[in-house]
Amino acid sequence: MARHELDPAAFEAFLTESDAPAALGTTFFDSQLGFALRRWCPPLLDLEPHCPPARYLARRRELGVREVNRRLLSAAGITDFLVDTGLPGDLTTPDELAAAAGGTAHEIVRLEHLAERTADTSRSADDFLAGLADGIREAARTAAGFKSVAAYRYGLHFEPDAPAPAAVHTAAERWLAHRAEGGAPAARVTDPVLLRHLLWSAARTGLPLQLHTGFGDPDLRLDRCDPLALTDFIRAVRPTGCSLILLHGYPYHRGAAYLAAVFPHVYADVGLSLTHTGARAGAVLAEMLELAPFGKVLFSTDAYGLPELYMVGARLFREALTGLLDQWVREGAWSSGDAGRVAALLGADNARRVYGLGSTITRDH
Amino acid sequence: MARHELDPAAFEAFLTESDAPAALGTTFFDSQLGFALRRWCPPLLDLEPHCPPARYLARRRELGVREVNRRLLSAAGITDFLVDTGLPGDLTTPDELAAAAGGTAHEIVRLEHLAERTADTSRSADDFLAGLADGIREAARTAAGFKSVAAYRYGLHFEPDAPAPAAVHTAAERWLAHRAEGGAPAARVTDPVLLRHLLWSAARTGLPLQLHTGFGDPDLRLDRCDPLALTDFIRAVRPTGCSLILLHGYPYHRGAAYLAAVFPHVYADVGLSLTHTGARAGAVLAEMLELAPFGKVLFSTDAYGLPELYMVGARLFREALTGLLDQWVREGAWSSGDAGRVAALLGADNARRVYGLGSTITRDH
Amino acid sequence: MARHELDPAAFEAFLTESDAPAALGTTFFDSQLGFALRRWCPPLLDLEPHCPPARYLARRRELGVREVNRRLLSAAGITDFLVDTGLPGDLTTPDELAAAAGGTAHEIVRLEHLAERTADTSRSADDFLAGLADGIREAARTAAGFKSVAAYRYGLHFEPDAPAPAAVHTAAERWLAHRAEGGAPAARVTDPVLLRHLLWSAARTGLPLQLHTGFGDPDLRLDRCDPLALTDFIRAVRPTGCSLILLHGYPYHRGAAYLAAVFPHVYADVGLSLTHTGARAGAVLAEMLELAPFGKVLFSTDAYGLPELYMVGARLFREALTGLLDQWVREGAWSSGDAGRVAALLGADNARRVYGLGSTITRDH
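Everything quoted here is computed from the prediction, not taken from an experiment.

A. The arrangement of the relation of the copies chain C and chain A in detail. Once turned by 120 degrees and shifted 0.0 Å along the axis, chain C lies on chain A with an RMSD of 0.0 Å. Put plainly, the chains are arranged around a three-fold axis. Across chain C, the smallest distance between a C-alpha and the rotation axis is recorded for C:Ala283, namely 5.6 Å. Mapped onto chain A, only 3% of the interface residues of chain C again fall at the interface, so the copies present different surfaces.

What follows is the structure, given as structure tokens:
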């Protein structure tokens, strides 16, 4: 979560996956996410739902970051935060975040970030690979899981198998040399051999491994982020015993649900799919619940930066799920007992089981 | 349909396309199919809807396979069974199935199965190809159609044209040699040249040809089963005069509907898409009914193994279709006369016309 | 719009994207578009909604083309017509069309058509390329925008960058030589280098550029028309300052909406997606409104040939949008003020801004 006051443009930038300002004559507040935020958040800052953005932002400044964060985060009703610590910017730590919300923090280690930090202090490929192995081993002792954004760095159409050590070494040498020449893009790990090495190294720890799939910012090519492109990797990595959590997935979330249905070690996480689709969150969640067994679907918000995104993500998930379950029970398609049980699975119990957490993830609000 | 008593694990395995037991802490009963089964089937066995799986399975054992099959099958209200006879396991014959349901049986010959049975007794490629030609000719005299599972064996991105005889001969020699070396996988036909030869041989008989498209068990790569990958094959095969029936399609069923809309010889069949999506069957069927002309959509259950799957598949189809038609008539978008006519087309008349059957496929229940 | 009387077969052919008559025993009237037409159009010709097609066609002949066109077009409530003038057949001009409807006409110049007309009178590649440059410059002075059907001619997986002049010259020479040899298909521009040259030439004028994406007639391969295949082209063309309007998109409209969300110069236009999905238009539009900011979605009908298609396209859009907005306001997800504002954006204001039109596009009806 951002620690500092945000000006209106910076605030609006958190409402979109775009890397540019809104087109002339348009605003990102005019979107399902913008409208959902204006529905749920103003009342928590003592305003009317759907009040104009300018009024909301003014009230936000009036109350101050600390108070706004406290009010919105606690209203999200999230008890356990699994936080990817590999994001840039002046953000709160997992512990600060959890403290503000009255919850518990767990770290998710972003593999590419770990590799880049390791490369920053490595003098040779050997040095780098040893440091990376240490870093992953170290992370596995305390983190709740790993995360890969290979989708952004290359796409999900990488070769499925673990790369040979010699190929990894060569790729590491090439990357470090490239980095030495400088330039920001060179600093990022984009080589598919190295990305695969990261994935396999994480998988071998047996910890859950989150994979970005589906939409995100325009750094990625969405058509290379279909989770089905992971099929052969999913097959190959199965013997390691790790669980794979496919994040987001939209608009390929039915494919993610299929993978969760046919592979025992695969899970589908709603991620930012509900937050960004607002009034349509129920329709999107329903599609994910077509093929995916109910023990295989996880809630998360993918929120960062704004406390609003935690609150809106959690609220939309509850509204969406409640709406679907009420309808199915009313139609006689589901029993109410099953509906309650499935709500607990999606909102808390599945994540608790997969990540080995002691307590529930969400509570009623 | 399975002839013998099934233990709980074997029963549950029929509720999923997965090839593995459910992940620890989860069950395939917790799925849309599981819940649909628990809605519709228990009352037919004198139990409450949504009773616990263990209670249902106990009652099933109490009544015995014969009685359970009879009750569930007759409740499905299916009058004509088009049965793929190329499935493994101790299953009832089409005639036994139809007799248990009080309906009529028609055979669908699975091409890959025919090829493999022919190869089992062939000493040479010439022998095999002659035997295969005989087998197809023979089948065409009695069967209602052919079916290909090329989707599983290779994917739908095969070359569209009929392979040259010399290429087929070479491929047959290679395959037979491979088989002679032994091993179960070698026994299966996976060579795209041979698969194309099967497809073209079937098409040239002029009989309807069913193609597996979309989801299925994890033997396939779902992203290689998009029916749109068949576009060039569809164009190439058009002059033979055969009808192509695209089965399932999910999650690419809108693409299947598109193909049914623009090519006169293409039909879209709901297959297992409704059975596995349960409470969402109406939503899935609605998507198929966006572009597909109503004379081009067919009902089927893709059921096998459990009598429950026939019952649930038929029941979900009726519920889903009735729900959509009622809504469209209520909104004034459709007339009730048209709605009734379209229901008859999808449930019986289209299949009767395409497969040349004498009587209706479903009756009211 | 067709100027002459249409016989029943010619009329029915306008209800489908197929290039062949309906399969034996079926009719294109039995489709969502057919039913939508029968809902909305008969009352305008003094008949009952949903009257039989034969009755409707008889009444149409009775009234005559002129009167039918006038009644249906004016009922569409469209004030500004952006008309692609590159379609074959005996069609009304944009001015005639607008006059019949009491609206204003604007021309959209189809790039491939311009290239082909230019080639018809060119003696050499130099001649052709100079003529083409003149034609585009000339068009840019009066037209509201350009349109490309590269989707039909090659697919959307073309190389993203502007082709080098030498490569364009060579491709032009090859095409002209091919044309000289004759044959109708040779007359069409299908070379990806030339298609890219057209796209880049248009983009450099700064005028809006429409791109066919998604479904259409069977000339195209639908799986090569996913708008996401344009991602690298979208990135490359961004510095020119042109706006890209992705037409139709179905069934990949969620991808089009994503592109509109993350790239400031990209817009998503419903095109023929609503007309052809009829009673499902609301569901399809809702999917487009998941990720796309509301300042980035445009209404159009893609109508041509039949006045019915203008009327049905406009009516379905209004019904679909009103249905969604009413629901979201009723649920409290949107405010009614926002709903009214978004309706104006989609129906008129976005198009007015993007194409620089002086007046609104639709009016209440």
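B. Expanded view of the environment of A:Leu209. Residue and element names in this part refer to chain A. Along the chain, Leu209 turns up in strand β4 (residues 209-213). In this structure Leu209 comes out as buried when scored by relative accessible area, which is 0%. A sequence separation of 101 residues divides Leu209 from Ile108, and the C-alpha atoms of the two residues are 9.0 Å apart. Apart from residues no more than four positions distant in its own chain, Leu209 is found in contact with Leu111, Phe146, Lys147, Ser148, Leu199, Ala202, Ala203, Ser243, Leu244 and Ile245.

C. Summary view of the environment of A:Ala22. Residue and element names in this part refer to chain A. Secondary-structure assignment places Ala22 in the loop between α1 (8-13) and α2 (32-40). Put simply, Ala22 and Ala9 are 13 residues apart on the chain and 9.8 Å apart in space, counted from C-alpha to C-alpha. Those residues in contact with Ala22 that sit more than four places away from it in its chain are Glu12, Thr27 and Phe28.

D. Summary view of the relation of the copies chain B and chain C. Once chain B has been moved 0.0 Å along the axis and rotated by 120 degrees, it coincides with chain C to within an RMSD of 0.0 Å. Little of the interface of chain B is mirrored in chain C, where only 3% of its interface residues are also at the interface.

E. Focus on the packing of aromatic side chains. Tallied over the full model, the rule gives 42 aromatic pairs over all chains. Relative to A:Trp334, the ring of A:Trp328 has its centre 4.9 Å away and its plane inclined at 35 degrees; by these criteria the two rings are tilted. In this structure, A:Trp328 and A:Trp334 share a single accessibility class: buried. Chaining the aromatic ring pairs together yields one cluster made of A:Phe35, C:Phe294, C:Trp328 and C:Trp334. Its guanidinium or amino end placed over the ring of A:Tyr267, A:Lys296 lies 4.9 Å from that ring's centre, counting from NZ or CZ.

F. Spatial organisation of the interface of chain C and chain A. Counting residues at the interface gives 34 residues for chain C, matched by 38 residues for chain A. Of the roughly 2900 Å² buried between chain C and chain A, counting both surfaces, carbon and sulfur atoms make up 53%. By the criterion of area lost to chain A, the three top residues of chain C are C:Arg254, C:Tyr258 and C:Glu290, representing 21% of everything that side buries. Run the count over chain C and chain A and you get six salt bridges. As a salt-bridge pair, A:Arg280 and C:Glu290 come within 2.8 Å of each other at their nearest N and O atoms. In this assembly, chain C and chain A are joined by 19 residue pairs in polar contact (both at pLDDT 80 or more). Put simply, the parts of the chain that give the side of chain C that touches chain A at least two residues each are α12 (231-237), α13 (253-262), α15 (281-291) and α17 (336-355) of chain C. Looking at which element gives the most residues to the side of chain C that touches chain A, the answer is α15(C), with six residues. Among the residues making up the side of chain C that touches chain A, the classes are represented as 19 nonpolar, four polar and eleven charged.

G. Structural view of the pairing of strand β2 (residues 104-110) of chain B. Residues and elements named next belong to chain B. Relative to β2, strand β1 (residues 80-84) runs parallel, the two sharing five bridges. Bridging across to β2, Phe81 finds its partner in Ala105. Each parallel crossover has a hand, and the one from β1 via helix α5 (residues 94-101) to β2 is right-handed. Alignment of β2 against strand β3 (residues 145-148), held across three bridges, turns out to be parallel. Of the residues in β3, the one forming a bridge with Ile108 is Gly145.

H. Structural context of the interface of chain B and chain C. Every contact between the two is made by 34 residues of chain B and, on the other side, 38 residues of chain C. Contact between chain B and chain C buries roughly 2900 Å² in total, counting both sides, with carbon and sulfur atoms accounting for 53%. Its largest share of buried area at the contact with chain C, chain B owes to B:Arg254, B:Tyr258 and B:Glu290, together 21% of the area lost on that side. Linking chain B with chain C are six salt bridges. Between C:Arg221 and B:Asp232 there is a salt bridge; the shortest N-O distance is 2.8 Å. Between chain B and chain C we count 19 residue pairs in polar contact (both at pLDDT 80 or more) in total.

I. Spatial organisation of the sheet that holds strand β7 (residues 297-298) of chain B. Residues and elements named next belong to chain B. The sheet built from seven strands is open, its strands ordered β1-β2-β3-β4-β5-β6-β7 with parallel pairing. This sheet does not close on itself; its edge strands, each paired only once, are β1 and β7. In terms of strand pairing, strand β5 (residues 244-248) meets strand β6 (residues 266-269) through four bridges, oriented parallel. Pairing of Leu246 across the sheet is with Ala268, part of β6.

J. Representation of the pattern of salt bridges. Summed over all chains, the structure comprises 85 salt bridges over all chains. The residue A:Arg188 makes a salt bridge to A:Asp219 at a minimum N-O spacing of 3.3 Å. Taken together, the residues span a long stretch of sequence, with A:Arg188 in the loop between α10 (184-187) and α11 (192-204) and A:Asp219 in the loop between β4 and α12 (231-237) at a distance of 31 residues. A:Arg188 sits in the partly exposed class, given a relative accessible area of 35%. The partner of C:Arg254 in a salt bridge is C:Glu287, with the nearest N and O atoms 4.0 Å apart. A residue pair is termed long-range when its members are at least 10 positions apart, and C:Arg254 in helix α13 and C:Glu287 in helix α15 qualify at 33 residues. A cluster of three or more residues bridged by salt bridges with shared partners is formed by A:Arg254, A:Arg280, A:Glu287, A:Glu290, B:Arg254, B:Arg280, B:Glu287, B:Glu290, C:Arg254, C:Arg280, C:Glu287 and C:Glu290.

K. Fine view of the pairing of strand β4 (residues 209-213) of chain B. All names here are of chain B. Counting buried positions over the five residues of β4 gives five, a clear majority of the element. Neither face of β4 is left uncovered, since the one carrying Leu209, Leu211 and Thr213 and the one carrying Gln210 and His212 both have all their residues buried. Two elements, β3 and β4, share three bridges in a ladder whose sense is parallel. Bridge pairing in β4 links Lys147 to Gln210. Relative to β5, β4 runs parallel, the two sharing five bridges. Looking across to β5, one finds that His212 is bridged to Leu247.

L. Quick peek at the packing of helix α6 (residues 111-120) of chain A against α11(A). Residue and element names in this part refer to chain A. Put simply, α6 and α11 touch, their axes get as near as 10 Å, and they point 110 degrees apart. What the angle tells us is that α6 and α11 run roughly perpendicular. Viewed along their axes, α6 and α11 form a crossing whose handedness is right-handed. Where α6 abuts α11, its residues Leu111, Glu112 and Ala115 lie against Leu195, Leu198, Leu199 and Ala202. Residue composition of the contact of α6 with α11, grouped by class: six nonpolar, no polar and one charged.

M. Up close: the environment of B:Leu291. Relative to the assigned elements, B:Leu291 resides in helix α15 (residues 281-291). Look at B:Leu291 and you get buried, because its relative accessible area is 9%. Counting along the chain gives 111 residues from B:Leu291 to B:Ala180, while the straight-line C-alpha distance between them is 48 Å. In contact with B:Leu291, other than residues within four places in its own chain, are B:Ala257, B:Tyr258, B:Ala261, C:Phe215, C:Tyr250, C:His276 and C:Thr277.

N. Structural view of the confidence of the model for chain A. Of all residues in chain A, 98% have pLDDT values of 70 or greater, and the mean over the chain is 95. Here residues 360-365 of chain A is modelled with pLDDT under 50, and outside its nearest four sequence neighbours on either side it reaches 26 contacts, counting other chains as well.

Criteria and thresholds
- Numbers given for residues are sequential positions, taken from 1 along each chain in its written order.
- Written order decides the labels, with chains lettered from A and ligands numbered from 1.
- The model is predicted, so local features are restricted to residues of pLDDT at least 70 and side-chain atom pairs to those at 80 or more, both for listing and for counting; the totals for chains, interfaces and linings are taken over all residues.
- As a convention, hydrogens and water are excluded, and side-chain values are obtained from all of the structure's heavy atoms.
- For the least-squares superposition of copies, only C-alpha atoms count, and only for residues with pLDDT at least 70 in both.
- Only heavy atoms enter the contact rule, under which two residues are in contact if any of them lie within 4.5 Å.
- Numbering of helices and strands runs from the N terminus; a helix is a DSSP stretch of H or I covering at least four residues, while a strand is a stretch of E covering at least two.
- Burial here depends on accessible area, computed with a 1.4 Å probe over protein chains only, as a share of the maximum for the residue type. Under 20% is buried, over 50% is exposed, and the range in between is partly exposed.
- When the centres of two rings from Phe, Tyr and Trp lie within 6.5 Å, Trp using its six-membered ring, the rings pair. Their planes under 30 degrees apart give stacked, over 60 give edge-to-face, and anything left gives tilted.
- Two thresholds decide whether a charge sits over a ring: the Lys NZ or Arg CZ must be within 6 Å of the ring centre and within 35 degrees of the ring normal.
- As a working definition, buried area equals the accessible area (1.4 Å probe) given up by two parts on being put together, with both sides summed.
- What makes a salt bridge here is a side-chain nitrogen of Lys or Arg within 4 Å of a carboxyl oxygen of Asp or Glu, nothing more.
- Here a polar contact means two N or O atoms within 3.5 Å. Within protein one must be a hydrogen donor candidate and the other an acceptor candidate, and residues neighboring in sequence count only if both atoms are side-chain atoms.
- Polar here means any residue outside two lists: the nonpolar Ala, Val, Leu, Ile, Met, Phe, Trp, Tyr, Cys and Pro, and the charged Asp, Glu, Lys and Arg; Gly therefore counts as polar.
- DSSP calls a pair of strands paired once it identifies at least 2 bridges connecting them.
- A right-handed crossover is one whose linking path, passing over the helix from the first strand to the second, runs clockwise when the strands point away from the viewer.
- Angles shown run from 0 to 180 degrees and are taken between the N-to-C directions of axes, each axis being a line fitted to C-alpha atoms and, for helices, limited to the stretch in contact.
- An angle below 35 degrees is treated as roughly parallel, one above 145 as roughly antiparallel, one from 65 to 115 as roughly perpendicular, and anything else as oblique.
- In this scheme the crossing of two helices becomes right-handed for a clockwise turn of the near helix relative to the far one and left-handed for an anticlockwise turn of less than a right angle.
- Predictor confidence is given residue by residue as pLDDT, running from a minimum of 0 to a maximum of 100.

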